[in-house]
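# Examining the three-dimensional arrangement
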Amino acid sequence: MASCHDTIVILDFGSQYTQLIARRIRECRVHSIILPASATLQQIREHCPKGIILSGGPASVTSIERPKWAKAVLQEDVPILGICYGMQLVAHYMGGKVGQAKRREFGRAELQVLDSSDLFKGLDKGPFSVWMSHGDRIEKLPQGFTPIARTENSPVAAMKSANHAHRFFCLQFHPEVAHTVHGKQILKNFVHGICGAKSTWTMGSFLNNSIDAIREQVGRDKVICGLSGGVDSMVAAAMTHRAIGKQLTCVFIDNGLMRKDEAKQLKKVFGAQHFNYRMINASDPFLQALGRTSDPEKKRKIIGRQFIHAFDHEATKIGNVRYLVQGTLYPDVIESISHMGPSATIKTHHNVGGLPARMKLKLIEPLRELFKDEVRGLGKELELPEDMVLRHPFPGPGLAIRVLGAVNLERLAILREADVIFIEELKSNGLYRKTWQAFAVLLPIRTVGVMGDQRTYEHVIALRAVTSVDGMTADWTQLPHDFLGKVSNRIINEVKGVNRVVYDISSKPPSTIEWE
Ligand code: XMP
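Residues numbered from 1 in each chain as written. Predicted model: local features only at pLDDT ≥ 70, side-chain atom pairs only at ≥ 80, totals over all residues. Heavy atoms only, no water.

### Overview of the packing of helix H1 (residues 18–27) against helix H4 (residues 183–194)
The condition that has to hold: Note on definitions: angles span 0 to 180 degrees between N-to-C directions of axes, and those axes are lines fitted to C-alpha atoms, for helices only across the stretch in contact. Per the convention used, a helix needs a DSSP run of H or I reaching at least four residues, while a strand needs a run of E reaching at least two, with both numbered from the N terminus. To sort the angles, those under 35 degrees are grouped as roughly parallel, those over 145 as roughly antiparallel, those from 65 to 115 as roughly perpendicular, and the leftovers as oblique. Whether two residues are in contact is decided by their heavy atoms: any pair within 4.5 Å suffices. Each residue gets one label: Ala, Val, Leu, Ile, Met, Phe, Trp, Tyr, Cys and Pro are nonpolar, Asp, Glu, Lys and Arg are charged, and the others, such as Gly, are polar.
At a minimum axis separation of 10 Å, H1 and H4 run at an interaxial angle of 70 degrees. One way to sum up the angle between H1 and H4 is to call them roughly perpendicular. Counted together, Arg24, Ile25 and Glu27 of H1 and Lys184, Leu187 and Val191 of H4 form the full contact between these two elements. For the contact of H1 with H4, the residue count by class is 3 nonpolar, no polar and 3 charged.

Set out below in structure tokens:
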């Protein structure tokens, strides 16, 4: 469907950086959309693109095993930017020659600009660093094309068509990755200077358009939304509430696995937002169902089942509900349409799977076009409290996967107290927002210590803090030693039953962020 914004279509040939291209374009406040390489010309035209980007990808144009795509795109009357594999596609189909490079180029290279008009407008001629990742290179330019930049190993590191009304621009390197100096400016030059796309993609305009769309979709029907305390469900609910007010009922199931004072804080936010909401205390059935289960995946499944049961029960009480609001984000949508297929399940993350079909509900997914940082921008636009909008992600199964092994009230209470100290200290030392996610974990062992003159044999708390962009990969955060010392002291002194604190220094992969 065509958007009311100028749109750049990105055809995805399987590069690990395709999502980054889309995000960078949106940082220019221009709407971008990713379509699989196999999209038909008709599907591409439906978006009325102001420009088309052909992404990188793992295939080689010299091999017969390459993704099928609508080559007729090359005849469309819009500017086209080929990146890496995309550049080789343009070269190949426009009559040039692509061959294997003598030396494959991975990582940093120094780019020398040869032509500072259009794509490199406003930049000095370099050399400056760009990020390369290719095994093929252009051996013969298609007729009418000229090189516009070079590196030591790639005499044609960028090219454009001198005829074809200047429609083709190609880069051998990746402008979307942070290692490419001036990458943002190059993409800006493409979308604004070359395609003439206007900067209308703001969360304010998105909000206005979406509110109308939700009203039209829902009519006078009843809608429910499960709130988890996370940013996504909160923003989705606030937006739907803005559109249809009291037709929306928000349901918060307190499963007894939340952090300290979570329910109290959420109640305050729901109240301030004037949500029509129900808070269900389901702590007992959740803990009973968990019993002495210690296997992480079994815990997740039990919690998922209990959640569906509790939610279903509440929805039946409300009666005549037709729609369910879900905080699905664009990366989930892209993953499900990717020609590479969804990535392998390492942990069972989707706790509400099966709920809409079982309850015969239609879905409203107001965030399905947005990236996480855009959702945060939308949260601000909706005037949600900053603390809520910028909070760290929290897993659906809650503290059950941070109390390692069997879960019970006593162990949950110890973890809550330790966790709140860690988070409080991160906030008061200005470290919370520099960390992507941070939390405490209660280990299933006891260790010997000495307090006063007494021997102790008590619990161990592990602290985990990571930096990440999207949780897919992560690095452990190098928190200052004196800060860690202070947190450890406070936990051991203030949390009864803990005599040791350790810090997790593993990155993902090979570890994961959560311990279970
Ligand atoms: P992992 O541990 O897989 O976590 O590296 C990546 C991100 O996902 C969160 N996570 C979950 N979220 N249900 C959720 O809703 C889950 O079962 C779950 N397990 C992990 C984790 O907190 C991190 O942000």
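### A few points about the pattern of salt bridges
Selection criterion: The salt bridge criterion pairs a side-chain nitrogen of Lys or Arg with a carboxyl oxygen of Asp or Glu, the two atoms within 4 Å. Burial here depends on accessible area, computed with a 1.4 Å probe over protein chains only, as a share of the maximum for the residue type. Under 20% is buried, over 50% is exposed, and the range in between is partly exposed.
Applying the stated rule across the entire model yields 27 salt bridges. Notably, a salt bridge pairs Glu425 with Arg490, separated by 2.8 Å at the nearest N-O pair. Taken as a pair, Glu425 in helix H14 (residues 409–428) and Arg490 in helix H15 (residues 481–494) lie far apart in primary sequence, 65 residues in all. For Glu425, a relative accessible area of 5% gives the class buried. Each member of the salt-bridge network shares a partner with another, and the members are Glu424, Glu425, Lys486, Arg490 and Glu494.

### Concerning the nonpolar core
Heads up, the rule is: Nonpolar core, defined: a set of buried Ala, Val, Leu, Ile, Met, Phe, Trp, Tyr and Cys residues in which side-chain atoms within 4.5 Å join the residues together. The split of the chain into domains comes from an automatic or database domain assignment.
Residues Leu378, Ile461 and Ile491 are the most contacted members of the largest nonpolar core, which totals 89 residues. Taken together, domain 2 (203–389) and domain 3 (402–503) each give at least three residues to this core, which thus spans both. Every residue in contact with Ile491, bar those within four places of it in the chain, is listed here: Ala418, Ile421, Ile461, Leu463, Val498 and Val501. Counting residues in hydrophobic clusters, the runner-up holds 69 residues, among them Val30, Cys84, Val156 and Leu187.

### Notes on the environment of Val223
Within the fold, Val223 resides in strand S10 (residues 222–227). Judged by relative accessible area, Val223 falls into the buried class, the value being 0%. Each C-alpha atom of the pair Val223 and Lys246 lies 9.2 Å from the other, and the pair is 23 residues apart in sequence.

### Looking at the domain arrangement of the chain
For clarity, the cut-off: Buried area: the sum, over both parts, of the accessible surface (1.4 Å probe) that disappears when the two are put together. Counted as a polar contact is a pair of N or O atoms within 3.5 Å, where, for protein atoms, one must be capable of donating a hydrogen and the other of accepting one, and residues adjacent in sequence contribute only when both atoms are in side chains.
What the domain assignment lists for the chain is domain 1 (7–194), domain 2 (203–389) and domain 3 (402–503). A separation of 28 Å is found between the C-alpha centroids of domain 2 and domain 3. Across the contact, 14 residues belong to domain 2 and 12 residues belong to domain 3. Both sides of the domain 2 and domain 3 interface together cover about 1,000 Å² of buried area, and 51% of this is carbon and sulfur. Of all residues in domain 2, Lys260, Leu287 and Lys299 bury the most surface against domain 3, accounting for 40% of the area lost on that side. Counting the contacts that link domain 2 with domain 3 gives 2 salt bridges. Counting every contact that joins domain 2 to domain 3 gives 6 residue pairs in polar contact (both at pLDDT 80 or more). Elements with a minimum of two residues in the side of domain 2 that touches domain 3: helix H8 (283–290) and helix H13 (386–389). Of the residues contributing to the side of domain 2 that touches domain 3, the split by class is 4 nonpolar, 4 polar and 6 charged.

### Section: the sheet that holds strand S11 (residues 248–254)
As a reminder, the rule being used: The rule for pairing is simple: two strands pair if DSSP sees at least two bridges between them.
What the 5 strands build is an open sheet, ordered S12-S11-S10-S13-S14; its pairing is parallel. Taken across any chain shown, the strands that pair with only one partner, and hence form the sheet edges, are strand S12 (277–281) and strand S14 (362–364). Averaged over all adjacent pairs, the angle separating strand axes in this sheet is 30 degrees, with direction ignored. In the sheet, S11 pairs with S12 via 5 bridges, with the strands oriented parallel.

### Looking at the side chain of Glu514
Assignment of secondary structure puts Glu514 in the segment after strand S18 (498–503). Of the polar contacts made by the side chain of Glu514, one reaches the side chain of Arg402; its length is 2.9 Å.

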